[in-house]
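Architecture at a glance
One-letter residues, chain by chain:
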Amino acid sequence: MNEERMKEAVLSAVERSDFVRVLSELVGSERSGTGTSETPHPPAATAGSQALLNRIVLGDILDDSILGARPSDRTFPLRLFFAELGTMLAAEDPKAEGAFTLASGLNFFFRAEMDAEAKIRVGLEVSRQFYTLAHDASLDGEMITKAAPLLAAIMTSELERVRFESIDHTKVYDSLVHERTPSSDPTGSRIQRPASFLCRVQTNNAVKVKAQVVT
């Protein structure tokens, strides 16, 4: 399955799920300020929207070491990232579309039942959207660099026999582990930014899927 078909499959599955329908209803009620044409219900809609948003940004899945991380904690950058994701999802902003695509992919990855190979492919698509959003929304580069390996680690906890790795600290292109994106300079040796996670086989450290990079 190629990248475009995988993206379509993920988004199609998410669109069929109940939380998208409920989100649309809640947001519609919140914007109009009424639950029906006769009786206003802004408090209920707001509470429901907040609860649903919490699930969309994995608030019910992430443990306290992330949700309650303090600035001195190793996991704090991931807490910052999910807070930023939630802010973008709640905002009427063009960036919200990319944020919703990423959040949908994360929910599909962590909540849906699928075979091991499909899980890997979905996870890699999620990592691509993570870096796409970071670039398109001009998110803080230092936060992304620190959050990426943490996100790769929690996603790896859902996998068997393979692991995801971030390559954010790598600056030089290596054809053994990297693959240039179509928009890259085909002769460039310096990595401008990562575009996906690297996938390795856990038992022998062999590269299963190369990390995409922009050179």
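Reading the values: the criteria
Residues numbered from 1 in each chain as written. Predicted model: local features only at pLDDT ≥ 70, side-chain atom pairs only at ≥ 80, totals over all residues. Heavy atoms only, no water. Pairing = 2+ DSSP bridges. Helix = DSSP H or I, 4+ residues; strand = E, 2+ residues; numbered from the N terminus. Axes fitted to C-alpha atoms, helices over the stretch in contact; angles between N-to-C directions. Expected span 1.5 Å × (residues − 1). Buried < 20%, exposed > 50% of the residue type's maximum accessible area, 1.4 Å probe, protein only. Phe/Tyr/Trp six-rings, centres within 6.5 Å; stacked < 30°, edge-to-face > 60°. Lys NZ or Arg CZ within 6 Å of the ring centre and 35° of its normal.

1. Topic: the sheet that holds strand β1 (residues 162–165)
Adjacent strands of a sheet form backbone hydrogen bonds with each other and so pair up, either parallel or antiparallel. Spatially, the 3 strands line up as an open sheet ordered β1-β4-β5, and their pairing is antiparallel. Both outer strands of the open sheet, β1 and β5 (207–209), are each paired with one neighbouring strand and no more. When strand polarity is set aside, the average angle formed by the axes of neighbouring strands in this sheet is 40°. In terms of strand pairing, strand β4 (residues 198–201) meets β5 through 2 bridges, oriented antiparallel. Pairing of Cys199 across the sheet is with Val209, part of β5.

2. Looking at helix α6 (residues 95–111)
Taking 1.5 Å per residue as the helical rise, α6 with its 17 residues ought to reach 24 Å, and the 24 Å between its terminal C-alpha atoms agrees with that figure. Buried residues of α6: Ala96, Gly98, Ala99, Leu102, Ala103, Ser104, Gly105, Leu106, Asn107, Phe109 and Phe110, and no others.

3. Considering the packing of aromatic side chains
For the structure on display, the rule yields 7 aromatic pairs. Ring geometry for Phe81 against Phe82: centres 5.5 Å apart, planes inclined by 70°, an arrangement best described as edge-to-face. For Phe81, a relative accessible area of 1% corresponds to the buried category. Taking relative accessible area as the criterion, Phe82 reaches 7% and is therefore assigned buried. On the numbers, 5.1 Å between centres and 75° between planes, the contact of Phe81 with Phe130 is edge-to-face. With a gap of 49 residues between them, Phe81 in helix α5 (residues 76–90) and Phe130 in helix α7 (residues 116–136) connect regions that are remote in the sequence. The pair formed by Phe81 and Phe130 is uniform in burial state, with each residue classed as buried. An aromatic cluster of at least three residues, connected via ring pairs, comprises Phe81, Phe82, Phe130, Tyr131, Phe164 and Phe197. It is Lys119 that lies over the ring of Phe109; its NZ or CZ is 4.9 Å from the centre. For the cation-ring pair, Arg180 lies above Tyr173, with the distance from its terminal atom to the ring centre recorded as 3.8 Å.

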